[in-house]
Amino acid sequence: MADRIEQLLHRRTDLSTFLVHLTKDTENHTARDNLLSIAESRTIEARSPFGLAKQHDQLLHRTRATQRVVCFSETPLEHTWMMVRDIHGRQESFTKYGLVFTKAICRRRGCNPVWYLDISVGHDWLSNPVNRQVDRAIAESTVEGTVDSRRLALQDILRLTPFMEKMGNPNGQRKEFSWEREWRHVGDFSFKSVENVVALLAPEDDHSALRDDLSYSWKRRSIPLIDPDWGLERMISVLSGVSAV
């Protein structure tokens, strides 16, 4: 495993192979707590709905689950420090805690990259056909004035909309980072083994305590811990099992 990661990291064009999921602080739990919960359950819970059908989240109770996703960023590891910075005007706020996967693992577990539709002035027509398809799916799933959520959930367009996102000037809709591509998984994302995780992200001063708090299976593997603020060379050394000292 270490040899394979080292080879990937030394090939500059392969750095984007890694997909990062950053945890957040929630009302009752810190991002660190959420990371430990994911490590224990080996499942990342799908939360917010995304994509072109997310406006129907409250309207369609049973269909809601088909639009809730787990988000990953296809980001070179040396750019993760920018994702956890406080940037004025940014809509999303991330912490330094998270998990690193390969594209291959995520692909096998049903993740797919997001298709961004340009809705800048003069290009908003790109999303119109999709919106019409969603409206048609709702109409075809309506019986005696009531939407059959289960029937709607089976419509092909509802399976695609979580992977379609608007990008452009109108209504302030935009991508947060120009260098990364987002991937999504509809529903909870489960990974069977700790071997499916390349590394965990956490601030360096918490590495020792975090390792103590991880369950036996993670300690046994001695999962690499990376601080997003580190430089690329130190990340390479830790992932490849070479001392950075």
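Since the model is a prediction, treat every value here as computed from it, not as a measurement.

Draft legend 1. Spatial organisation of the overall build of the protein chain. Counting secondary structure elements, the protein chain contains 11 helices and 13 strands. Expressed as a percentage of the 245 residues in the protein chain, the buried residues total 47%. Counting only contacts in the protein chain whose residues sit at least 6 apart along the sequence, the fraction spanning at least 24 positions is 75%.

Draft legend 2. Quick peek at unusual backbone geometry. Phi angles above zero are rare outside glycine, and E144 is one such case at about 50 degrees. Summarising the element assignment, E144 is placed in the loop between β7 (142–143) and β8 (146–147). The exposure class assigned to E144 is exposed, which follows from its relative accessible area of 83%. Phi at S222 takes a positive value of approximately 55 degrees, unusual for a residue other than glycine. Within the element layout of this structure, S222 appears in the loop between α10 (216–221) and β13 (225–226).

Draft legend 3. Inspection of the pattern of salt bridges at higher detail. In the structure shown here, the tally under the stated rule is 10 salt bridges. D229 is the partner of R85 in a salt bridge, and the nearest nitrogen-oxygen pair spans 3.0 Å. Of this pair, R85 sits in the loop between α4 (80–83) and β4 (98–102) while D229 sits in the loop between β13 and α11 (232–239), placing them 144 residues apart in sequence. Owing to a relative accessible area of 32%, D229 belongs among the partly exposed residues under this scheme. Taken together, the shared-partner salt bridges connect R32, D206 and D213 into one network.

Draft legend 4. Structural view of the packing of aromatic side chains. In this structure the tally under the stated criterion is 6 aromatic pairs. Relative to F189, the ring of F72 lies with its centre 5.0 Å away and its plane at 70 degrees, an arrangement referred to as edge-to-face. Within this pair, whereas F72 is found in strand β3 (residues 69–74), its partner F189 is found in strand β11 (residues 189–190), the two being separated by 117 residues in sequence. Classification of F72 as buried rests on a relative accessible area of 0%. The interplanar angle of 80 degrees and the centroid separation of 5.4 Å between the aromatic rings of F101 and F189 together place this pair among those described as edge-to-face. A residue pair is termed long-range when its members are at least 10 positions apart, and F101 in strand β4 and F189 in strand β11 qualify at 88 residues. Assigned by exposure class, F101 and F189 land together as buried. Here the aromatic residues F72, F101, F189, F191 and W218 are joined through ring pairs into a cluster of three or more.

Draft legend 5. Structural context of the pairing of strand β10 (residues 181–186). Across 6 bridges, β3 lies against β10 in antiparallel orientation. Opposite V69, over in β10, you have V186 as the bridge partner.

Draft legend 6. Highlighting the nonpolar core. One finds F72, F101, F189, L200 and W218 to be the most contacted residues of the largest nonpolar core, which totals 28 residues. For this core, the secondary structure elements donating two or more residues are α2 (31–41), β3, β4 and α5 (103–108). At 5 residues, α2 tops the list of elements feeding residues into this core. Contacts of L200, omitting those with residues within four sequence positions, involve L35, G98, L99, L214, W218, I223, P224, L225 and I226. By size, the runner-up hydrophobic cluster in this structure holds 15 residues, among which are F18, F94, V198 and L239.

Draft legend 7. Representation of the sheet that holds β10. Pairing in this open sheet of 7 strands is mixed, and the strands run β5-β10-β3-β1-β4-β12-β13 from one edge to the other. Among the strands making up the open sheet, the edge pair consists of β5 (112–113) and β13. Against the sheet, α2 engages β1 (18–22), β4 and β12 (199–201), with an angle of about 45 degrees to β4.

Reading guide: rules and limits
Residues numbered from 1 in each chain as written. Predicted model: local features only at pLDDT ≥ 70, side-chain atom pairs only at ≥ 80, totals over all residues. Heavy atoms only, no water. Helix = DSSP H or I, 4+ residues; strand = E, 2+ residues; numbered from the N terminus. Buried < 20%, exposed > 50% of the residue type's maximum accessible area, 1.4 Å probe, protein only. Contact = heavy atoms within 4.5 Å. Salt bridge = Lys/Arg side-chain N within 4 Å of Asp/Glu carboxyl O. Phe/Tyr/Trp six-rings, centres within 6.5 Å; stacked < 30°, edge-to-face > 60°. Pairing = 2+ DSSP bridges. Core = buried A, V, L, I, M, F, W, Y, C linked by side-chain atoms within 4.5 Å. Axes fitted to C-alpha atoms, helices over the stretch in contact; angles between N-to-C directions.

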